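What follows is each chain in one-letter form.
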Amino acid sequence: MSGAVRRLRCCDGSACRNGGGIALRQALLAARAAAGLAEQELVIRAVGCLRLCGRGPLVAADGPGGSRLWGGVPPELASALVAAARGRRRRGQALAIPAPAHPPQAGPAPGELRLAGARLWGPCLWEPAPGRSPQPPVAPFDPSAPAASAAPAASAAPADPSAPADPSAPVASAAPADPSALVDPSAPAASVAPADPSAPAASAAPLDPLAPHQLDPHHPFFALQRPVVLECCGLIDPDSLDDALDHGAYRQLQRCLHQLTPAAVRDEIRASGLRGRGGAGYPTGLKWDTVALQPPGPRQVVANGDEGDPGAFMDRTVMEGDPHRLLEGLAIAAYAVGAEHGFVYVRAEYPLAIERLRGALAAIAARGGFGPGLCGSPWPLRIALRVGAGAYVCGEETALLHSIEGGRGTPRPRPPYPAQRGLGGAPTLINNVETLAAVPAILRQGGAWYGAIGDPACPGSRGTKVFSLSGAVVHTGVVEVPLGLPLRTVVETMGGGVVGGAPLKAVQTGGPSGGCIPAARLDTRLDYEAMAGLGAILGSGGMVVLGPATAMPELARYFMGFCVQESCGLCLPCRAGTVQLAALLDRLIEGRGAAGDLERLEELAGMVRATSLCGLGQSAPNPLLSTLRHFRGEYLQACAGGGAGDPAGGPPA
Amino acid sequence: MSPTRQPPKPRLATVWLAGCSGCHMSFLDLDEWLLELAERVEVVYSPLASDAKTYPESVDICLVEGAVANGDNLAMARILRQRTRVVVAFGDCAISANVSGLRNPWADGAGDSAATVLERAYGELAEAEGLAPPDGVVVPRLLERVLPLHAVIPVEVWLPGCPPSPARIRLVLEALLEGERPRLEGPQGLRFG
Amino acid sequence: MSVHTLSIDGRPVAVEAGASLLAACRGAGIALPTLCHLDGLTPVGACRLCLVEVEGQARPLAACVSAAAEGQVVRTDTAQLRQFRRMAVELFFAEGNHLCAVCVANGACELQDLAVAVGMDHSRFPARWPRRAVDASHPLFTLDHNRCILCSRCLRACDELEGAHVWDIAERGEHCRLVAGLDQPWGEVAACTSCGQCVDACPTGALFRRQESAGDHQPRRDRAAVLQQARQQKLWRNQGEVPP
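The structure reproduced in this document is the subject of the present report.

Across its full length, chain C carries six helices and ten strands. Relative to its full complement of 244 residues, chain C shows a buried share of 56%. For chain C, contacts bridging at least 24 residues in sequence account for 60% of all contacts bridging at least 6. Accessible surface, chain C as shown: approximately 10,500 Å² in total, 50% of it carbon and sulfur.

With 35 residues of chain A in contact, the opposing surface of chain C contributes 30 residues. Across the interface of chain A and chain C, roughly 2,600 Å² is buried in total on both sides, 59% from carbon and sulfur atoms. Summed over the shared surface of chain A and chain C, the number is two salt bridges. As a salt-bridge pair, E603 of chain A and R124 of chain C come within 3.6 Å of each other at their nearest N and O atoms. Viewed at the interface, chain C and chain A are joined by twelve residue pairs in polar contact (both at pLDDT 80 or more). Those elements that place two or more of their residues in the side of chain A that touches chain C are α20 (552–566), α21 (572–589) and α22 (597–611) of chain A. Here the residues of the side of chain A that touches chain C are counted per class, giving 17 nonpolar, 13 polar and five charged.

Attention now moves to the pairing of strand β3 (residues 51–54) of chain C. Residues and elements named next belong to chain C. Pairing of β3 with strand β4 (residues 61–62), which is carried by two bridges, proceeds in the antiparallel orientation. Looking at the pairing, L51 lines up with A62 of β4. If you look at the hairpin formed by β3 and β4, you'll find six residues sitting between the two strands, and G56 has a positive phi there, around 95°. Judged from the two bridges that link them, β3 and strand β5 (residues 73–75) form a sheet pairing that is antiparallel. The partner of E53 across the bridge, within β5, is R75.

A word on the sheet that holds strand β1 (residues 7–11) of chain A. Residues and elements named next belong to chain A. The strand order across the open sheet formed by five strands is β2-β1-β3-β4-β7, and the pairing between neighbours is mixed. The outermost strands of the open sheet, each flanked by one partner alone, are β2 (43–47) and β7 (214–215). In the sheet, strand β4 (residues 66–71) pairs with β7 via two bridges, with the strands oriented antiparallel. Paired with L69 across the bridge in β7 is L215. Taken strand by strand, helix α2 (residues 21–34) contacts β1, β2 and β3 (58–63), and its axis lies near 170° from that of β2. Most of the contacts of helix α3 (residues 78–85) go to β4, to which it runs at about 165°, and overall it touches β1, β3 and β4.

On to the sheet that holds strand β12 (residues 464–471) of chain A. All names here are of chain A. Within the open sheet, the five strands sit side by side as β13-β12-β16-β14-β15. Their pairing is mixed. Pairing within the sheet leaves two strands with one partner each, and these edge strands are β13 (477–482) and β15 (515–518). On average, adjacent strands in this sheet sit at an angle of 30° to one another, irrespective of strand direction. Judged from the four bridges that link them, strand β14 (residues 506–509) and β15 form a sheet pairing that is antiparallel. Of the residues in β15, the one forming a bridge with V507 is I517. Each of β14 and β15 is contacted by helix α24 (residues 622–630), which is oriented at about 25° to β15, the strand it contacts most.

What follows is about the nonpolar core. In this structure, L624 of chain A, V15, Y55, L80 and L149 of chain B together with V89 of chain C are the most contacted members of the largest nonpolar core, which totals 77 residues. Here Y55 of chain B is in contact with A13, V15, Y45, C62, M76, I79, L80, R83 and T84 of chain B, once residues within four sequence places are set aside. Judged by nonpolar contacts, the second largest core, of 72 residues, contains A244, A331, A336 and A353 of chain A.

Okay, the packing of aromatic side chains next. Tallying each qualifying case throughout the model produces ten aromatic pairs over all chains. For the pair F221 of chain A and F222 of chain A, a centre-to-centre distance of 5.2 Å together with 90° between the ring planes defines the contact as edge-to-face. Each member of the pair, F221 of chain A as well as F222 of chain A, carries the same accessibility label: buried. With a centroid separation of 5.7 Å and an interplanar angle of 35°, the aromatic rings of F192 of chain B and F93 of chain C are classed as tilted. A residue pair is termed interchain when its members come from two chains, as with F192 of chain B in the segment after α7 (186–189) and F93 of chain C in helix α2 (residues 79–95). With respect to burial, F192 of chain B and F93 of chain C carry one shared label: buried. A connected cluster of aromatic rings, assembled from ring pairs, spans F141, W167 and W186 of chain C.

About the criteria used
Residues numbered from 1 in each chain as written. Chains lettered and ligands numbered in written order. Predicted model: local features only at pLDDT ≥ 70, side-chain atom pairs only at ≥ 80, totals over all residues. Heavy atoms only, no water. Helix = DSSP H or I, 4+ residues; strand = E, 2+ residues; numbered from the N terminus. Buried < 20%, exposed > 50% of the residue type's maximum accessible area, 1.4 Å probe, protein only. Contact = heavy atoms within 4.5 Å. Areas by Shrake-Rupley, 256 points an atom, 1.4 Å probe, with all protein chains shown as cover. Buried area = accessible area lost by both parts, 1.4 Å probe. Salt bridge = Lys/Arg side-chain N within 4 Å of Asp/Glu carboxyl O. Polar contact = N/O pair within 3.5 Å; in protein donor to acceptor, adjacent residues only side chain to side chain. Nonpolar A, V, L, I, M, F, W, Y, C, P; charged D, E, K, R; others polar. Pairing = 2+ DSSP bridges. Axes fitted to C-alpha atoms, helices over the stretch in contact; angles between N-to-C directions. Core = buried A, V, L, I, M, F, W, Y, C linked by side-chain atoms within 4.5 Å. Phe/Tyr/Trp six-rings, centres within 6.5 Å; stacked < 30°, edge-to-face > 60°.

In structure tokens, the structure reads:
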């Protein structure tokens, strides 16, 4: 980032929009105008996800001093935010500290590209802050500054941006910070402990109205992230092809078309160890090879953006925040397998992702298409967008293909796999959105570079994975971390543990296809094999944190109900079996359970799992079986109430 | 009387719940084998061959025809279960509710099909005003749903058929009288409808 | 023509390459239970009754949609498979309103026969008793949704043999139901040629000829296979095998 540019990046993802992001951005534009600033003096840009969705709407400010971050700012504070972004800083603030010896992310990483002053690849979501140490700094003591508590309550009114601001009280930043709190400890304190114990607490009003909203970009939630798929998400304007190009979009596609053979591209992907990020974890390179090596003839490529697991929003983040990265990955995949036609399939429940992708495709078409327009090549790739009609099972690849073809969204038995027979009978490559979005970085940095990311203890899980952290966790949002990290690091260190400091009960991963990892196994690594060994799955990346209040049979019933709703009805075990499983769970939870119910539940769950036609039915019993495995006592307790069966239910024994 | 005491004969009961009595008619179609059966068992309770008004204690075998459709059926099922060693669900109604259960699809939103059929019978189809549905005192109250026997009590043997053929009834009774578990397999032993 | 040899229940079997496991089993004289399969129609693998265990496979495979392969070791009658099949039939009975006693197909019903074949003397699952309709709008035939098991044989017969595609499945999951035309009364669907192939394909009493009683209901379930073979052999005229 050029030091001269001051910039406000306003998160324009779905979560921040729901939190009032659009109103805030409009207020910021108005405040900039009111301050008499030109557009280039303070760039206000809508960007993709800034990660900490639970605190939205998020706004990041870039300036000579580095980046700062605010969350949940009401539109009334827009002028204060504009003033802060202009660098009207308070005396004695953290950003005035001279650069520490080891600034975070000092210097470009090996292989980092720079282009026209824009950093192409940054391992950090935030511009390096030369004035910030990696540790939360302690604000210097300024003897001339009045103590926070000494300020009259009247000064709590929104500060006049032109007026010299009140410095932060030393007591505030020196006070031990709540380890789970993301509020920037160096920021002017919101509710500082009164220095004068006689002063009523009520008078300790915030001096800086922005202070309660300022977040610490060096909190582990951000600091431990390793953005690869999301390296430009939150930095670029997702509606601007030019901005994406400035950040290196389509460079790797150009390189492929002009310098690499399809086989060489596949070699890099194979070397990277990338596996399908949609949940199944099939080796991506192998899949590409399978499609490429089919007998001569047309091929198709498809990006699967039908992300439907409750509590999962990784693909949405990619599609909303950096649509060109997905399109570049898909285009490279098409080149690598010899396809000249492709589809992006997005669920209708993602209107913003659809809007962004539609805009991105239109912008590319306006330039002349992927080949002639972006790469100066006659390569005639065409990519079309398809919007799903709301069926969860359309995330299953054969059902998705039926849906693209205009048919009913129902799966079919495999083999033949889509790699052999897919759209219109042609060999078809289907990859998850996140998988494809990892491709440009892999080609830029090399497969070996990607393969080196991750823990040596987990040889089968290379690279980074995006997770969406939700549920009873303090910090909810999107994290991209190296695979092999202990689950505890993500949930406790980054996520801040359970809200209110309550003990964690379990982490549900993989949605209705996944399982629960109990607190005792929280040191399990984020590894395909290790998670499967516990009866859970790494899954597509949904990570729902469960506190002590969650009753496991109820959780199982929720997911079973989801599968009852989403079963396509084609095969009997899923259509009728999930209904009976849900009814049995109802019985149990409503205290009508009888002896033998648990065995019947397990027997039927085993049957549905073993005999269903597609992955939805086969995995539908997983939440039930995994909670039965780790929390059997809760089920036994539910059964204890009954005994003789009941007239409205099924057999008693 | 012979000085050596004969072992007591097995005590047989048959019960008629919510069914059409067709299973009992089929039982009667055993014809002359009934005479043999009468030699081998003591019929202690039955709409066919007993005047007993209360279900006796210590019954060895009970054939239960019909589904559980009302409070009396339910009470009877529970009593017979307490006093019987081997309960046989006798015919399709006892096994699946069958025709007796045809009101079940007409349950209202709360899952009560009794209200629907009573309204139909005593309201919509009534020729005269003032007909009140049964109050549950004189006529037993209908259950919300008609249930198979095994939904309310444990059952040892299921003998399907509408009605079960006399041959299969005999197959089951002969096995039970020999102290064996009846083997109902293949088209000879099993048939719904 | 290449040939695969495999072992089914310990018996060596040779089949043409491309044959299904179901065909291989039948070739070995093993009658696998089926419901959604009908000779002459594209298999769909929906009823999951023809599941077999193949060594090296994590889950059982539906034999109707799985190709036989060289050297496979297949088992068709393990305790596990018997349990799965019985549960499947129990689920079918619990799902719809299957009352053999008052069904036109009593005695000519594949589901009824399957209950016997898998030894089901009662369903352990509470019956759902769904409220379903009867479509008697067609002048020749009747559709009773209560007896429909969603096998889609009628749909495929109409689509693949008659080319009319009158039938399709609407809704999802347990709410799935057969629809005629654009979810119209059957009698109002102009595309229906009244050929009756759907009726002959139906494994239960869901589709039947009007005014048929139980004894009269004798669907020609081999009709699809006869027609398909006739096409393959280009026997365009009725030579006595095809019902008029």
